[in-house]
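These are the residues of each chain, in order.
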Amino acid sequence: MGDLIEGDDGLPAEDVGPWAKEKHDLLCRYIDISKSARAKYLGPGKGGAAYIDLFCGTGRCRVRTTGEWIDGGAVAAWKKSVEGGKPFTRVIIADADPVRLDATVQRLQRAGAPVVSACGPAVETAFFALQRTPPHGLNFAFLDPYNLEALDFKIFETLSRVKRLDVLVHLSKMDLQRNLDNNLSAAMFALDAFAPGWRSVINVEQAQGGIRTEVIEHWRDLVQKVGMDASRDVRLLKGTRGQHLYWLLLLASHDLALKFWKTAANPEKQGNLF
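This write-up is about the structure you can find in this document. (Residues numbered from 1 in each chain as written. Predicted model: local features only at pLDDT ≥ 70, side-chain atom pairs only at ≥ 80, totals over all residues. Heavy atoms only, no water.)

## Digging into the overall build of the protein
Test applied: Secondary structure elements are defined from DSSP: runs of H or I of at least 4 residues count as helices, runs of E of at least 2 residues count as strands, and each element is numbered from the N terminus. Put simply, the radius of gyration uses C-alpha atoms, and a globule should come to 2.2 Å times the residue count raised to 0.38. Throughout this description, buried means an accessible area under 20% of the type-specific maximum (1.4 Å probe, protein chains only), exposed means over 50%, and partly exposed covers the range between. The contact criterion used throughout is that any non-hydrogen atoms of two residues lie within 4.5 Å. Per-residue and other accessible areas were derived by the Shrake-Rupley procedure at a 1.4 Å probe size, with only the shown protein chains allowed to occlude residues. In this charge count, Lys and Arg are treated as positive and Asp and Glu as negative; neither His nor the chain ends contribute. Charge positions come from single atoms, namely NZ of Lys, CZ of Arg, CG of Asp or CD of Glu.
Summing up its helical and strand segments, the protein has eleven helices and eleven strands in all. The globule rule puts the C-alpha radius of gyration for 274 residues at 19 Å, and the 18 Å found for the protein is close to it. Across the 274 residues of the protein, 53% fall into the buried class. Counting contacts in the protein only where the partners sit at least 6 residues apart, residues at least 24 apart contribute 71% of the total. Entry remark: accessible area of the protein is about 11900 Å², with carbon and sulfur atoms responsible for 49%. Computed over 35 positive and 33 negative side-chain charges, the inter-centroid distance for the protein is 7 Å.

## Some remarks on the sheet that holds strand β5 (residues 69–71)
Stated formally: Strands pair, by our definition, only if DSSP identifies at least two bridges between them. To define axes, lines are fitted to C-alpha atoms, for helices over the stretch in contact only, and angles between the resulting N-to-C directions are given on a 0 to 180 degree scale.
Spatial strand order, β1-β2-β4-β5: four strands in an open sheet with mixed pairing. Each having just a single partner strand, β1 (4–6) and β5 make up the two edges of the open sheet. On average, each strand axis in the sheet is tilted by 45° relative to the strand beside it, whichever way the strands run. Across three bridges, strand β4 (residues 60–63) lies against β5 in antiparallel orientation. The residue of β5 that forms the bridge with Arg-60 is Asp-71.

## Here's the deal with the nonpolar core
Rule in force here: As used in this record, nonpolar core signifies buried Ala, Val, Leu, Ile, Met, Phe, Trp, Tyr and Cys residues forming a set joined through side-chain atoms within 4.5 Å.
Membership of the largest hydrophobic core comes to 44 residues, with the highest contact counts inside it found for Leu-54, Leu-143, Phe-194 and Trp-219. With six residues, the top contributor of residues to this core is helix α10 (residues 208–225). Apart from the residues within four sequence positions on either side, Leu-54 is in contact with Ala-94, Asp-95, Ala-122, Thr-125, Ala-126, Ala-129, Phe-142, Leu-143, Ile-155 and Leu-159. Within the second largest apolar cluster, 37 residues are counted, among which are Phe-88, Leu-138, Ala-257 and Trp-261.

## Describing the packing of aromatic side chains
To keep it simple, the criterion reads: To pair, rings of Phe, Tyr and Trp, with the six-membered ring standing in for Trp, must have centres within 6.5 Å; the planes then decide the type, stacked if under 30 degrees apart, edge-to-face if over 60, and tilted in the middle. Remark: a charge is flagged as sitting over a ring if the NZ atom of Lys or the CZ atom of Arg is within 6 Å of the ring centre and within 35 degrees of the ring normal.
Applying the stated rule across the entire model yields seven aromatic pairs. With centroids separated by 6.0 Å and ring planes inclined at 40°, the aromatic side chains of Tyr-51 and Phe-140 adopt a geometry described as tilted. Of this pair, Tyr-51 sits in strand β3 (residues 50–53) while Phe-140 sits in strand β8 (residues 139–143), placing them 89 residues apart in sequence. Pair check on accessibility: Tyr-51 and Phe-140 agree, each one buried. Seen from their ring centres, Phe-153 and Phe-156 are 5.7 Å apart, and the 35° between their planes marks the pair as tilted. On the criterion of helical spacing, the pair formed by Phe-153 and Phe-156 is a turn pair, its members being three residues apart in helix α6 (residues 153–159). On the accessibility criterion, Phe-153 (4% relative accessible area) is buried. A connected cluster of aromatic rings, assembled from ring pairs, spans Tyr-30, Tyr-51, Phe-88, Phe-140 and Trp-261. The positively charged end of Arg-38 is found above the aromatic ring belonging to Phe-88, 4.7 Å away from the centroid.

Read these as layout, nothing more, since geometry by itself doesn't imply function.
Encoded structure:
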């Protein structure tokens with residue numbers, strides 16, 4: 001997870017690359033674009049709207065290249081929903097690190113958010129989130145793991161039980177590329193958690209680019225089987241030297257959310273995953 005630094009508000013914070021700012025801008029862009037749909041579930045007697053983040057981190061970051069302080073995902077999302085006049089009725093957060101989790105809880109409380117939290121790996125805290133998500137609401141989850149292995153498919157199986165849930169997910173392209181040889185030799189099992197059953201459906205004799213494509217397509221098939229469609233519109237985030245870091249894409253069970261994400265993700269008309 002990396003070392004923590006002292007934040008500009010006295011709480012623990014994280015040192016991040018400039019791509020984190022772009023990621024959070026895209027998250028907030030989607031939340032703002034979708035506010036009209038969320039509004040229908042707000043108010044007395046309505047279903048409500050939860051924001052879920054199972055990898056919440058500290059809630060505050062310093063961009064290492066510029067020294068700029070920015071809000072982490074959960075804090076940025078809450079503030080954007082308030083700014084748009086359609087705030088989430090519950091903010092459900094979790095993290096495997098209690099120090100990071102406590103920092104985000106404090107920051108959200110200072111911002112007036114109706115926050116509930118749990119400490120633990122996301123594969124476990126997903127059930128905590130399921131139990132506390134408004135069953136008749138319009139809900140949104142942001143899954144921003146530190147690596148691909150942490151994105152265990154059991155998380156999606158659990159969250160898919162929420163009736164109305166859109167999920168913005170970070171898929172680490174760099175992790176997939178860097179660790180592919182180890183996964184193919186069975187020395188590592190990150191892909192087994194991320195895309196269970198991949199070994200039995202993918203031709204591992206082909207070039208690595210083809211293998212990576214088929215792993216993602218197998219994962220997309222798994223997502224569809226639990227009732228969500230993975231958007232073909234993706235956002236590729238790059239490092240300072242142009243290296244490909246990760247994709248952001250939306251999982252949803254209805255077309256309107258996918259249309260919102262198409263608008264949010266592709267102001268420059270980026271292409272598909274590969």
